[in-house]
Amino acid sequence: QVQLVESGGGLVQAGGSLRLSCAASGRTISSSGMGWFRQAPGKEREFVAGISRGGGVTKYADAVKGRFTISRDNAKNTVYLQMNSLKPEDTAVYYCALSLRLIFPSSSAEYWGQGTHVTVSS
């Protein structure tokens, strides 16, 4: 059974930074596409960033391009999301996802974490 556990969320002022981590267990992530999604209050879950198996290909939502960076350490079975220049509109629950078949996880990814809260104050 695959488990994904996110950490690193919290409260930060606008313009600040946070680094989210997603630690996987039960399966090595080296053969899987990994990604981050977020869900703000009253909104649908949306794609934030994705990274291919080896880390050579990444994809970002337009809203976070140039501010967020996704990375992975397959040896540690962990994926990261470095978030800089945070804005109040980045406030959401952030979820880690693993895809068994796709280069990047989609909304139908097979495995999800429980989420970590990020609140950006103005």
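Below or above, wherever it landed, is the structure these notes cover. (Residues numbered from 1 in each chain as written. Predicted model: local features only at pLDDT ≥ 70, side-chain atom pairs only at ≥ 80, totals over all residues. Heavy atoms only, no water.)

Some words on the overall build of the chain
Tallying secondary structure elements over the chain gives zero helices and 11 strands in all. At 13 Å, the chain has a C-alpha radius of gyration in line with the 14 Å of a compact globule built from 122 residues. Seen along its three principal axes, the alpha-carbon backbone of the chain occupies a region of about 40 × 25 × 25 Å. When each of the 122 residues of the chain is scored for burial, the buried share is 45%. (Helix = DSSP H or I, 4+ residues; strand = E, 2+ residues; numbered from the N terminus. Rg over C-alpha atoms; globule rule 2.2 N^0.38 Å. Buried < 20%, exposed > 50% of the residue type's maximum accessible area, 1.4 Å probe, protein only.)

Observations concerning the nonpolar core
Within the largest apolar cluster, 29 residues are counted, with the highest numbers of intra-cluster contacts made by Met34, Trp36, Leu81, Met83 and Tyr94. Mapped onto this core, the elements with two or more residues apiece are strand S3 (18-25), strand S4 (33-39), strand S5 (46-51), strand S7 (68-73), strand S8 (78-83), strand S9 (92-99) and strand S11 (116-121). With residues up to four places along the chain from it excluded, the contact list for Tyr94 reads Glu6, Leu20, Trp36, Phe37, Arg38, Val48, Phe68, Leu81, Met83, Gly115, Thr116 and Val118. (Core = buried A, V, L, I, M, F, W, Y, C linked by side-chain atoms within 4.5 Å. Contact = heavy atoms within 4.5 Å.)

Things to note about the pairing of S11
Here S11 shows one buried face, formed by Thr116, Val118 and Val120, and one open face, formed by His117, Thr119 and Ser121. As paired elements, strand S2 (residues 10-13) and S11 share four bridges and run parallel to each other. Within S11, the residue paired with Gln13 across the bridge is Ser121. Pairing analysis gives three bridges linking S9 to S11, with the strands arranged antiparallel. Paired with Tyr94 across the bridge in S11 is Thr116. (Pairing = 2+ DSSP bridges.)

Describing the sheet that holds S8
Two strands in a sheet stick together by hydrogen bonds in their backbones, pointing the same way (parallel) or opposite ways (antiparallel). Spatially, S1-S3-S8-S7 is the arrangement adopted by the four strands of the open sheet, whose pairing is antiparallel. Edge strands, defined here as strands with exactly one partner in the open sheet, are strand S1 (3-7) and S7. Within the sheet, the average angular offset between the axes of one strand and its neighbour, ignoring direction, is 15 degrees. Here S7 pairs with S8 via six bridges, running antiparallel. When the sheet's bridge partners are listed, Thr69 is paired in S8 with Gln82. (Axes fitted to C-alpha atoms, helices over the stretch in contact; angles between N-to-C directions.)

Focus on the pattern of salt bridges
Inspection of every chain in the model, using the stated rule, returns five salt bridges. A salt bridge links Glu110 to Arg101; the nearest nitrogen and oxygen atoms lie 2.9 Å apart. Since its relative accessible area comes to 27%, Glu110 is described here as partly exposed. Sharing partners across several salt bridges, the network here consists of Arg38, Glu46, Arg67 and Asp90. (Salt bridge = Lys/Arg side-chain N within 4 Å of Asp/Glu carboxyl O.)

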